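Letter by letter, the chains look like this.
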Amino acid sequence: MSALLELVKFGQSYWIDDLSRAMIKSGELQRRVTEEGLTGVTVNPAIFNAALSKSNDYDGQIRQLAAQPASSVYEALIVTDVRNACDILRPVYDRTEGRDGFVSLEVSPLLARDTQGSIAEARRFWQAVARPNLFIKIPGTPEGVPAIEELLFEGININITLLFCIERYEAVALAYLRALERRVAEKAPI
């Protein structure tokens, strides 16, 4: 048995901070899920840039989208990979009743100080990927906290990044509680 599979006995989840179309197409991601017990993936612009620069796997889709703005091409490429990764991890999500099996996609780091921009990009990613096992990663900056609350209130799965002090952690925890209270008041599921 894989040492990574042994982690489950201790209540641990095995995630990777890496994703590429090559991992998806070759079956490597599927193998890691089924043979190594992989339970989650996180991706950000730096990881995706590395995947793009090391492979020709994106060339066909880039050619199809060449007339669009670069930001639209980027979004289409990353949405394709994240959606496919979500599909591969969906059995984990189902088996764990939504406790694991997620793919976490970060909003642009350029939005770390932009509440409305973070909300808009998170909504776009959420709707484009359209999978229940997607996390949208939002920074725990002062501007990120209201975005976190609003997105959680809307029912979007959020993963928080850039938490470097207790004050920020507390602010995020309170935003989470406010979002749940708002959902209860609206009779939305929590």
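The structure displayed is predicted, hence computed values, not measured ones.

(A) Layout of helix H4 (residues 45–53). Within H4, the full set of buried residues consists of Ile47, Phe48 and Ala51. Considered in projection along H4, the buried side chains sweep an arc of 95° and stay on one side of the axis. Looking at H4, the residues exposed on the side facing more than 90 degrees away from the buried face are Ala46 and Ser53. The secondary structure elements touched by the buried residues of H4 are strand E2 (38–43) and helix H6 (70–95). At the N-terminal end of H4, a side-chain oxygen is found 3.0 Å from the backbone nitrogen of Ala46, two or three residues along, and the residue is Asn44.

(B) Quick peek at the packing of aromatic side chains. One pass over the full model with this rule turns up five aromatic pairs. Summarising the aromatic geometry, the rings of Phe48 and Tyr74 are spaced 5.5 Å apart at their centres and angled 80° between planes, so their arrangement reads as edge-to-face. One end of the pair, Phe48, is in helix H4; the other, Tyr74, is in helix H6, and 26 residues separate them in sequence. You can call Phe48 buried: its relative accessible area is 1%. Overall, the relative accessible area of 26% leaves Tyr74 in the partly exposed class.

Thresholds, definitions, all that
Residues numbered from 1 in each chain as written. Predicted model: local features only at pLDDT ≥ 70, side-chain atom pairs only at ≥ 80, totals over all residues. Heavy atoms only, no water. Buried < 20%, exposed > 50% of the residue type's maximum accessible area, 1.4 Å probe, protein only. Helix = DSSP H or I, 4+ residues; strand = E, 2+ residues; numbered from the N terminus. Arc of directions from axis to C-beta. Contact = heavy atoms within 4.5 Å. Polar contact = N/O pair within 3.5 Å; in protein donor to acceptor, adjacent residues only side chain to side chain. Phe/Tyr/Trp six-rings, centres within 6.5 Å; stacked < 30°, edge-to-face > 60°.

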